[in-house]
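Residues per chain are reported as follows:
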Amino acid sequence: MSATTDLTPRAQARGKAARQGGGSVRRARFTSTRGGQFLISSILPIAILLAWQLTSSLGIFTVGQLPSPEMVWLAGVDLVQRGLLGPFIGISVQRVLIGFAIGASLGLFFGAIVGLARVWDFFFGSTFGAIRAVPSLAWVPLLLLWLKIGEESKITLIAIGAFFPVYTTVAAALRHVDKQLVEAGRAFGLSGVQLFTTVQLPAVVPSVISGLRLALAQSWLFLVAAELIASSAGLGFLLLDSQNNGRTDRVILAIILLAVFGKTTDALLGLFEKWAVRRWA
Amino acid sequence: MASSTTMPYAVTNTAFEVRFDGVGRSFTATNTRRGESAEPRIVLRDINITVKPGELVAILGTSGCGKSTLLRITAGLDTGFTGNVTIDGTPVEGIDSRSAFAFQEPRLFPWRSVTQNVALGLPHGIDKAEGEARVAELLELVGLSASAHHRPREISGGMAQRASLARALARNPGVLLLDEPFGALDALTRLKMQDLLLDIHAAAPTTVLLVTHDVDEALQLADRVILLGRMPGEPGATISELVTVPGGRPRDRGSAELAELRAHLLEGLGVDRHTTSTFSI
Ligand SMILES: Nc1ncnc2c1ncn2[C@@H]1O[C@H](COP(=O)(O)OP(=O)(O)OP(=O)(O)O)[C@@H](O)[C@H]1O
Ligand SMILES: [Mg+2]
């Protein structure tokens, strides 16, 4: 600061502005690079891993309570060698994707008609609202009775879980499309399907995608619920089976896998969302 | 930018007569409690005027007196009115493709570029290349060529308003409905856009209903000026003044005749006149 005191006020101001500008540019650059973002977001996971390693090295918990990271890793390798882990992951991912696809498609369809036409809102609205109020696990006994312990019962449960976030966000978003924009569209001769694809649909794309992300998270939740209760394969089954055998290492492995897959599928939809928001919002 | 009076496309349009016959509009309050009778509130009543083909009529009135409502009725966007509105002899019974509307708000679609927004105003069935040329021409005329590929959120409020004007002009309509189209513009841009409107009107003599808050603007642009106002002891606004503006355009802003009309109209709007001379045409 003292070095600039002999400058004219204007030059001082310029120098100050340049310094401030430079500083904010540098700050912005770090968080806007991929490397910088990755670095910041990996601090916490690494810290957790270190703390976990430390507590098991110090023997704070018994192996039955908290096995070391290495033991969990080895449990994973062991399951892979037995040819179990791949199929378990495969069947779980398959259930989630099929259930999500069915539930989300139905949600899109019913959300669209309920959001666009009041008559369908009156027709479906309160019934769907009541069905939505049923806690997810309450469906399990009924689904088991009706559909037995096959794939259908699990996929149906996941579809129920994926349906409601999509249905509610789509219906609400369509109901709240800017009336002035719709009117402008109508004033320039759009109606029916054309009005929908030109005005209403683009206007709700961002909320539809956030509904889809919610639905995907919900699908993983319902997957575990379904597999915990009635299954002989999958990550949920791995959880339950390992609990019964006292294999804490496998329980933790399953939890980590669920976190990784849940986060990965969500990140993929997140990329799609970013693109769509840039395109439509 | 608005100096040229040769519009390459403008020679083909037809101007229509617009006739208002005892037009009135009342709104019923929607949030009255059960049991209370909802008293309809009269906004407009007994509007009678015939706007000649190619005539430019300015509509003045205090805020909330029903100017936008009158334009919406003319466009067929508001069908809850009483009385008759005819364009070219046929009644307006719904959205009317013979008229084009530039709304009080720009109402641009956020997910479309400026060009795509303006293109929405093109008449249906227009040849693609011809349409593109017309949009480019209009963007040039309203001074938005440099922002043609920007999104509405990337342009200023005044630029958005000009885009909205271009969208209405793109239709090359028989009746042009302009709801305070220059409200958000700075003084210089406003003058340029007024000239543009006059140029377009001279080249393609469409019928124009122009709502404005600006008495000078009305006197500069219009053949006739309507003052919407409330008569003592009567509910709702009607045509309280109808003046024919003397002289061809462009008009001398300093003329005593216009100054007198201006003072008179301002008085009608509730603004005290500062001169003591009496009114006469
Ligand atoms: N859909 C509606 N429901 C109820 N009242 C309405 C509706 N549309 C307009 N009004 C009422 O009609 C009156 C006139 O509205 P309008 O928008 O035509 O005014 P305006 O003259 O254009 O005002 P401004 O100069 O502020 O734009 C207002 O008092 C408004 O409250
Ligand atoms: Mg208005």
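Residues numbered from 1 in each chain as written. Chains lettered and ligands numbered in written order. Predicted model: local features only at pLDDT ≥ 70, side-chain atom pairs only at ≥ 80, totals over all residues. Heavy atoms only, no water.

A short note on the overall build of chain A
- Along its length, chain A carries eleven helices and zero strands.
- What you see in chain A, going N to C, is helices and strands ordered as α-α-α-α-α-α-α-α-α-α-α.
- A buried classification covers 38% of the 281 residues belonging to chain A.
- A separation of at least 24 residues holds for 69% of the contacts in chain A among residues at least 6 apart in sequence.
- Here chain A has roughly 16,200 Å² of accessible surface; of this, 69% comes from carbon and sulfur atoms. (Helix = DSSP H or I, 4+ residues; strand = E, 2+ residues; numbered from the N terminus. Buried < 20%, exposed > 50% of the residue type's maximum accessible area, 1.4 Å probe, protein only. Contact = heavy atoms within 4.5 Å. Areas by Shrake-Rupley, 256 points an atom, 1.4 Å probe, with all protein chains shown as cover.)

A few points about the packing of aromatic side chains
- Counted under the stated rule, the structure contains 18 aromatic pairs over all chains.
- When the centroid spacing of 5.2 Å and the interplanar angle of 80° are considered together, the rings of phenylalanine 109 of chain A and phenylalanine 110 of chain A count as edge-to-face.
- According to the relative accessible area criterion, phenylalanine 109 of chain A is partly exposed, its value standing at 48%.
- Taking the relative accessible area as the measure of exposure, phenylalanine 110 of chain A reaches 18% and is therefore buried.
- Ring plane angle 45° and centroid distance 5.6 Å describe the contact between phenylalanine 109 of chain B and tryptophan 111 of chain B, whose orientation is recorded as tilted.
- Members of the aromatic cluster, each reached through a chain of ring pairs, are Phe109, Phe110, Trp120, Phe123, Phe124, Phe128, Phe163, Phe164 and Tyr167 of chain A.
- Over the ring of phenylalanine 16 of chain B we find arginine 98 of chain B; its NZ or CZ atom is 5.9 Å from the centre of that ring.
- When the ring centre of phenylalanine 103 of chain B is taken as reference, the NZ or CZ atom of arginine 107 of chain B above it lies at 3.9 Å. (Phe/Tyr/Trp six-rings, centres within 6.5 Å; stacked < 30°, edge-to-face > 60°. Lys NZ or Arg CZ within 6 Å of the ring centre and 35° of its normal.)

Considerations on helix α2 (residues 34–57) of chain A
Residue and element names in this part refer to chain A.
- Taking 1.5 Å as the rise per residue, α2 with 24 residues should run 34 Å; its terminal C-alpha atoms sit 34 Å apart, in good agreement.
- The largest bend in α2 is about 35°, located at isoleucine 43, with the proline proline 45 one to four residues further on.
- Taken as a whole, α2 has its buried residues at Gly36, Ser42, Trp52 and Ser56. (Expected span 1.5 Å × (residues − 1). Bend = angle between axes of the 7 residues up to and from the residue.)

Observations regarding the coordination of the magnesium ion (ligand 2)
All names here are of chain B.
- Those protein atoms acting as donors to the magnesium ion (ligand 2) are Ser68 (OG) and Gln104 (OE1), and they sit at 1.9 to 2.2 Å. Of this pair, serine 68 sits in helix α1 (residues 67–75) while glutamine 104 sits in the loop between β6 (99–102) and α2 (114–119), and the two are 36 residues apart along the sequence.
- Given the relative accessible area of 34%, glutamine 104 is considered partly exposed. (Donors = N, O, S within 2.8 Å, 3.2 Å for Na, K, Ca; no water.)

Focus on the pattern of salt bridges
- Applying the stated rule across the entire model yields 23 salt bridges over all chains.
- Linking aspartate 78 of chain A and arginine 82 of chain A is a salt bridge whose minimum nitrogen-to-oxygen distance equals 3.1 Å.
- With its nearest N and O atoms 2.5 Å apart, the salt bridge here joins arginine 95 of chain A to glutamate 227 of chain A. Here the residue arginine 95 of chain A occupies a position in helix α4 (residues 85–116), and glutamate 227 of chain A occupies one in helix α9 (residues 192–229), the gap between them amounting to 132 residues. Accessibility assignment for this pair places arginine 95 of chain A and glutamate 227 of chain A in one class, buried.
- Within the structure, one salt-bridge network assembled from shared partners comprises Glu183 of chain A together with Arg72, Glu105 and Arg107 of chain B. (Salt bridge = Lys/Arg side-chain N within 4 Å of Asp/Glu carboxyl O.)

Remarks on the interface of chain B and chain A
- Listed per partner, the contact involves 20 residues of chain B and 19 residues of chain A.
- Carbon and sulfur atoms supply 60% of the area that chain B and chain A bury against each other, a total of about 1,800 Å² over both sides.
- Connecting chain B to chain A are two salt bridges.
- Run the count over chain B and chain A and you get six residue pairs in polar contact (both at pLDDT 80 or more).
- By residue class, the composition of the side of chain B that touches chain A is ten nonpolar, two polar and eight charged. (Buried area = accessible area lost by both parts, 1.4 Å probe. Polar contact = N/O pair within 3.5 Å; in protein donor to acceptor, adjacent residues only side chain to side chain. Nonpolar A, V, L, I, M, F, W, Y, C, P; charged D, E, K, R; others polar.)

Remarks on the nonpolar core
- Within the largest apolar cluster, 83 residues are counted, with the highest numbers of intra-cluster contacts made by Phe20 and Leu228 of chain B.
- If you tally residues by element for this core, the top one is α9 of chain A, at 13 residues. (Core = buried A, V, L, I, M, F, W, Y, C linked by side-chain atoms within 4.5 Å.)

A look at the domain arrangement of chain A
All names here are of chain A.
- Taken domain by domain, chain A consists of domain 1 (2–66) and domain 2 (71–280).
- Between domain 1 and domain 2, the contact holds five residues from the first and five residues from the second.
- Between domain 1 and domain 2, roughly 340 Å² of surface is buried when both sides are summed, and carbon and sulfur atoms account for 79% of that area.
- Broken down residue by residue, the surface that domain 1 buries against domain 2 is led by Trp52, Val63 and Gly64, which jointly contribute 80%.
- Inspection of the domain 1/domain 2 interface yields zero salt bridges.
- Between domain 1 and domain 2 we count zero residue pairs in polar contact (both at pLDDT 80 or more) in total.
- Considered class by class, the residues forming the side of domain 1 that touches domain 2 number three nonpolar, two polar and no charged. (Domains from an automatic or database assignment.)

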